[in-house]
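So you can see what is in the structure, the chains are spelled out below.
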Amino acid sequence: YRDYFNKDISGVYRSTPQGKMIECNNSFANMLGYTIEEIKQMHTSKLFTHINERNEFIANIIKNRSLDNIEINLVKKDGEILHCLGNAVGSFNKKNELVQFQGYIFNITEQKRIEIELKESETRFKRLFEDLGDAVYVAKVGEKDKGKILEANSAAVKQTGYSKEELLQMNIIDDLFIQGSGSISNEDWDAKLTEEEIITIIEKKRRKDGSEFWTEVIVTPIEFNGQPASLSINHDITNRIVASEALEESEKKFRDLFEQSGDAFLIIKN
């Protein structure tokens, strides 16, 4: 037991409910920046961010007899807050009074920092996702349920005429994309996504009312809820396509007139 107590990489301790540290191992002391002797000389409330947190900790041990996988914040000697995960088991006398408790703690400060950064990143992503003026979709990739819409923003609702609830029941390939209109084959699409390439394509889609529109799409491979997915930004370019087609038609008519006229035409550069 003594060998385990001293060599355990987690912080092992025994304390009284009155605030005296009976013993702790080197890992516990080093984790908090103290020596074992220093910790034994102080009231354990000094290790908590506030005495009320320590009192609540003791009260929970009395109530539940033991605590498992609890998160607590402890204060290091230099004032840094340490996020910890651990447990505690109480020892009670015949009067059912808490005599002492023991347990261990793990330092999870780095994990908490990453968790906070991930949440902040997710918040920024959601804000950007919704604030983009173009329709944005997150869809499944791979063989199973390929194209199944996992997420869509409000611009996608406006662009297609479907509600968000309807879009989340749809497949972007089967239900929105007009087959044969894309500028890239399905085989090339899959290959590029597998290689984690960013894809830029022009394709035609269909609205809820049956009308069709052209989109310029930028597709990026991402991970969504732990699964591979694609994020596509869909910019409506229907007006641009229509204007381009009208210009081509006008130029064709001019060339036909130019060639078929019996009169001589000269085009002179100014």
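Residues numbered from 1 in each chain as written. Predicted model: local features only at pLDDT ≥ 70, side-chain atom pairs only at ≥ 80, totals over all residues. Heavy atoms only, no water.

What to know about the sheet that holds strand 4 (residues 81–92)
Then step 1. On the basis of which strands lie adjacent, the open sheet formed by five strands has the order 2-1-5-4-3 and antiparallel pairing. Each edge of the sheet is formed by a strand with only one pairing partner; in this case those strands are strand 2 (21–24) and strand 3 (66–75). Geometrically, the sheet is characterised by an average inter-axis angle of 25° between neighbouring strands, direction not taken into account.
Then step 2. Bridge count between strand 4 and strand 5 (residues 98–107): nine bridges; the pairing is antiparallel. (Pairing = 2+ DSSP bridges. Helix = DSSP H or I, 4+ residues; strand = E, 2+ residues; numbered from the N terminus. Axes fitted to C-alpha atoms, helices over the stretch in contact; angles between N-to-C directions.)

Examining the layout of surface pockets
Then step 1. Size it by volume and the largest pocket reaches roughly 640 Å³.
Then step 2. The wall of the largest pocket is formed by 34 residues, among which Val 141, Lys 146, Trp 189, Asp 190 and Leu 193 lie closest to the centre.
Then step 3. Elements with a contribution of two residues or more to the lining of the largest pocket: strand 6 (135–140), helix 8 (172–176), helix 9 (186–194), strand 8 (199–206), strand 9 (212–224) and strand 10 (227–236).
Then step 4. One number sums up the size of the second largest pocket: a volume of about 390 Å³.
Then step 5. Lining the second largest pocket are 13 residues, and of these Glu 122, Phe 125, Lys 126, Phe 224 and Asn 225 lie nearest its centre.
Then step 6. Of all elements in the fold, only helix 5 (109–131) and strand 9 reach the threshold of two or more residues within the lining of the second largest pocket.
Then step 7. When residues in the lining of the second largest pocket are grouped by element, the largest group, seven residues, is from helix 5.
Then step 8. Its residues assigned to classes, the lining of the second largest pocket shows five nonpolar, two polar and six charged. (1 Å grid on protein atoms, 1.4 Å probe; cavity = no way out; pocket = protein on both sides within 12 Å on 5 of 7 lines; lining within 4 Å. Points joined across faces, edges and corners; volume = space filled by probe spheres on them. Nonpolar A, V, L, I, M, F, W, Y, C, P; charged D, E, K, R; others polar.)

Here we look at the confidence of the model for the chain
Then step 1. When pLDDT is averaged along the chain, the result is 86, and 86% of the positions lie at 70 or above.
Then step 2. When the elements of the chain are averaged for pLDDT, helix 1 (residues 2–7) gives the smallest value, 63, and helix 7 (residues 164–167) the largest, 96. (pLDDT = per-residue confidence, 0-100.)

Side note on unusual backbone geometry
Then step 1. Unlike most non-glycine residues, Arg 65 shows phi in positive territory, near 70°.
Then step 2. Its location among the elements puts Arg 65 in the loop between helix 4 (51–64) and strand 3.
Then step 3. The backbone phi angle of Asn 96 is positive, close to 65°, even though this residue is not glycine.
Then step 4. Assignment of secondary structure puts Asn 96 in the loop between strand 4 and strand 5.

So, helix 4
Then step 1. Taking 1.5 Å per residue, 14 residues should reach 20 Å; helix 4 reaches 20 Å between its end C-alpha atoms and fits that length.
Then step 2. All of the buried residues along helix 4 are Arg 54, Phe 57, Ile 58 and Ile 61. Looking straight down helix 4, one finds its buried side chains confined to an arc of 90°; they lie on one side. Exposed side chains of helix 4 directed beyond 90 degrees from the buried face belong to Glu 56 and Lys 63. (Expected span 1.5 Å × (residues − 1). Buried < 20%, exposed > 50% of the residue type's maximum accessible area, 1.4 Å probe, protein only. Arc of directions from axis to C-beta.)

Focus: the environment of Ile 237
Then step 1. Note on placement: Ile 237 falls in the loop between strand 10 and helix 10 (238–260).
Then step 2. Since its relative accessible area comes to 2%, Ile 237 is described here as buried.
Then step 3. Here the alpha-carbon distance between Ile 237 and Glu 216, two residues 21 residues apart in the chain, equals 6.4 Å.

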